[in-house]
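Examination of the molecular architecture
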Amino acid sequence: MKKLLLLAAATVGLGLTAQAPARAADFSKARIDVIVKATTSQYWATVFDGARAAAKVLGLQISTLGATSEADVAGEVTIMENAIASKPTAIVIAATNAAALAKPIAHATAAGIPVIVVDSDANTSKYVTFLATNNHTGGVKAADELARCIKARTGKVAGQMAYLTALAGAQSLNDRDKGFLDELKKYPGLKIVAHRTGNNDPARALTDSEDILTRNPHLVGIFADNEIEGDGAGTALSEKNLGSKVCLVSFDTSSEEINFVKKGVIDALIVQNPFMMGYAGVWYALAAAHGVVFPHYVDSGVSVVTKANIDSPAMAGLLNPKKYTLTPFLGE
Amino acid sequence: MASAPATTPSGPAVADEAQASSLRHRLPVEIYVLGFTVLVWVGLGVFSRYFLTAGNISNMMRQVSIDAIVAFGELFPIILAGIDLSVGSVAALTGILFAMMLAAHLPVLLALPLTVALGLLIGLINGLAIDRLGIPAFIVTLAGLQGFRGLTYLVSGGMTVAGMPSSLDLVARTSIAGIPTMFVLMAVIGLVSHFILRYTRLGRYCYAIGSNAESARRVGINVTQVTLVCYCIAALFAAFAGMLLVSRLTMGNPNAGVGAELQAIAAAVVGGASLFGGRGTILGCFIGSVLFTTIGNGANLLGVSSFWQMVIEGLLIALVVYVDNIQKKRQAGVR
């Protein structure tokens, strides 16, 4: 996974030197539009951070754009259409809805604007590359972490499980849940007894978690497929002092979740690398505008953060983008 | 109740007798909703062995508290034949600022009055825009729904605010005589609101303005003043809810209270309030909130799909308003 990323970055390096022999190439006229699903979450703010870091290294302009809510599919389509009309050098976009963004992305490509799709795919192949977390793999890792935690606590891999989906109809969440459920088949002792779908509403995530714990007093594990559900489940467990009894694994990270990991309420966080999506996304976008060809899919990787490694430097940047240190190759 | 006919028939005693009998047969819609809620409770008690347990009841008491407080506030503009769509966003904005103040180590006793003041200020802005500028309440507060949510994201950068002092747990996780503190707070706020609406001049003016604003003005009611107070109460209660959410979630979350305005309106309407004004009670709001919380809790305990839960809630709103309309028609027919 990491190798592939570096390989792609190497291609970029080669491409840039091929196109612009001078080391201090001037990209100050280049403008890359970075469009995310929602400008209002920590996750997408981190994508922007990565994009800005790349823009600084490369000396180009970026515009950071996005709707205010991930539910606003039409809003993102409008933003994409406006971006195409403004003729940027390239576009980096995370598709809120695979079907709705397919045509706008194809239009941009047809208009000669290279598109790098990050995080969430669209139903089209008319873009340069798809740089994203393999959400299915992340779900698989979540199931493995839960099994490991349950075995450590009860001595056997068996018991009742629940999982929480943050929002209906989001492809990345569906993939996480599917990866989780697929991998769970390897552990026949673990049975799913409850599943709730929320609306990215923190109060509802808490309520649903409380009710699941009421209904299933023998629950041994919970999988939360994003940080809002993870916050809710973590709060419910600490409210009922069940942190040491029920294993909890959550996708993504928030400041409260990090506290929960340190307190032992959350056993593992499945953490993506949004900084790298923004950083490499902008770099790839510029390279693509100079004719570099990329593989159709590049995995940006998922990491498992536990109490044991949460303070390690390798994880620090993933949990707090301000501490992100670029590898020597990707840096200046 | 403002449910009595507006005009008295001037016919013979027979008509009076008929009217009296129709009044006897017309129970306030709250009673039906209360009966239905009790039925749902009995049903859930039979079908889920976890429903009527102390743990679940105390969970539900905490779950209903914040929704009910928002609904109590929402009732005031609704009685005026107005509406406040901004309460969810106001709860988020006041909540996130409250959380940021606490995260910056401001004492709770300082952050609390500041947040309350902010809530009142927002209510004043809403009220002035509606009454002085003459912009419809729906539009003013729709702008607020969007604008205050935007401010919430701006001040927080879209991120959750963690690091709340442990003293905040005193509200969300303690009980007074076995009853969750949050529920007690909600009950106090409800009782005060009930008293205002029922026994004070201000409360009676609210119903008068909601029934007919022009006649209220002509008999000398200061409509501007009452309007301002009502929108201030809605925003103030939203601020209370915002702070309680921070305490319950142990963090400030910019997504808090999304859709709370619709939940509050639904609770008020199911509890017998009319969106055309002049009708609605705090008790009804409370029963409406309890019913929605019960449905959510019941769906979770029975493992009913989250999507069916939404369908059931929608059907319920339609059904209650339908029953209420039938009653009003029957009453009008007799008259």
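Residues numbered from 1 in each chain as written. Chains lettered and ligands numbered in written order. Predicted model: local features only at pLDDT ≥ 70, side-chain atom pairs only at ≥ 80, totals over all residues. Heavy atoms only, no water.

Another point: the overall build of chain B. Scanning chain B for helices and strands turns up 14 helices and 2 strands. Over its C-alpha trace chain B gives a radius of gyration of 21 Å, about what one expects of a compact globule, namely 20 Å for 335 residues. Projecting the C-alpha coordinates of chain B onto the three principal axes gives extents of approximately 70 × 55 × 35 Å. Here chain B, with 335 residues, has 52% of them falling under the buried criterion. Put simply, 78% of the contacts in chain B that link residues at least 6 apart link residues at least 24 apart. When the accessible surface of chain B is totalled, it reaches about 14,800 Å², and 71% of it is carbon and sulfur. (Helix = DSSP H or I, 4+ residues; strand = E, 2+ residues; numbered from the N terminus. Rg over C-alpha atoms; globule rule 2.2 N^0.38 Å. Buried < 20%, exposed > 50% of the residue type's maximum accessible area, 1.4 Å probe, protein only. Contact = heavy atoms within 4.5 Å. Areas by Shrake-Rupley, 256 points an atom, 1.4 Å probe, with all protein chains shown as cover.)

Now for the pattern of salt bridges. All chains considered together, the criterion is met by 17 salt bridges over all chains. Between R62 of chain B and E239 of chain A there is a salt bridge whose closest N-O contact spans 3.2 Å. Separated into two different chains, R62 of chain B in helix 3 (residues 54-79) and E239 of chain A in helix 8 (residues 227-239) make up a pair that spans both. With respect to class, R62 of chain B is no different from E239 of chain A; both count as buried. Among the salt bridges present, the one from R132 of chain B reaches D131 of chain B, with a minimum N-O distance of 3.3 Å. Here the residues in one salt-bridge network are E210 and E239 of chain A together with R62 and R248 of chain B, joined through shared partners. (Salt bridge = Lys/Arg side-chain N within 4 Å of Asp/Glu carboxyl O.)

Take the sheet that holds strand 2 (residues 61-66) of chain A next. Residues and elements named next belong to chain A. Strands sit in the order 2-1-3-4-5-11 across an open sheet of 6 strands; the sheet is parallel. Unpaired on one side and paired on the other, strand 2 and strand 11 (297-299) mark the two borders of the sheet. Direction aside, the axes of adjacent strands within the sheet are offset by 20° on average. With 3 bridges connecting them, strand 5 (residues 129-132) and strand 11 associate as parallel partners. Directly across from A132, in strand 11, lies its bridge partner D299. Here helix 4 (residues 102-110) sits on the sheet and contacts strand 3 (90-93) and strand 4 (115-118); the angle it forms with strand 4, its principal contact strand, is near 150°. (Pairing = 2+ DSSP bridges. Axes fitted to C-alpha atoms, helices over the stretch in contact; angles between N-to-C directions.)

A separate point is the pairing of strand 5 of chain A. All names here are of chain A. Burial along strand 5 is two-sided: T129 and L131 and F130 and A132, pointing in opposite directions, are all buried. Strand direction decides the pairing type here: strand 4 and strand 5, joined by 3 bridges, are parallel. Bridging from a neighbouring strand, V118 pairs with L131 of strand 5.

Residues and elements named next belong to chain A. Within the chain, N200 stands out as a residue other than glycine whose phi angle is a positive 55°. Mapped onto the secondary structure, N200 falls in the loop between strand 7 (190-197) and helix 7 (202-215). Here N200 falls in the buried class, since its relative accessible area comes to 19%. One non-glycine residue, N241, lies in positive phi territory at about 55°.

The next thing to look at is the interface of chain B and chain A. Each side of the interface is counted separately: chain B has 34 residues, and chain A has 31 residues. Summed over the shared surface of chain B and chain A, the number is 4 salt bridges. Seen at the junction of chain B and chain A, the total is 15 residue pairs in polar contact (both at pLDDT 80 or more). Mapped by element, the contributors of at least two residues to the side of chain B that touches chain A are helix 3, helix 11 (223-249), helix 13 (282-302) and helix 14 (306-334) of chain B. Counting residues per element, the side of chain B that touches chain A draws most heavily on helix 13 of chain B, at 6 residues. (Polar contact = N/O pair within 3.5 Å; in protein donor to acceptor, adjacent residues only side chain to side chain.)

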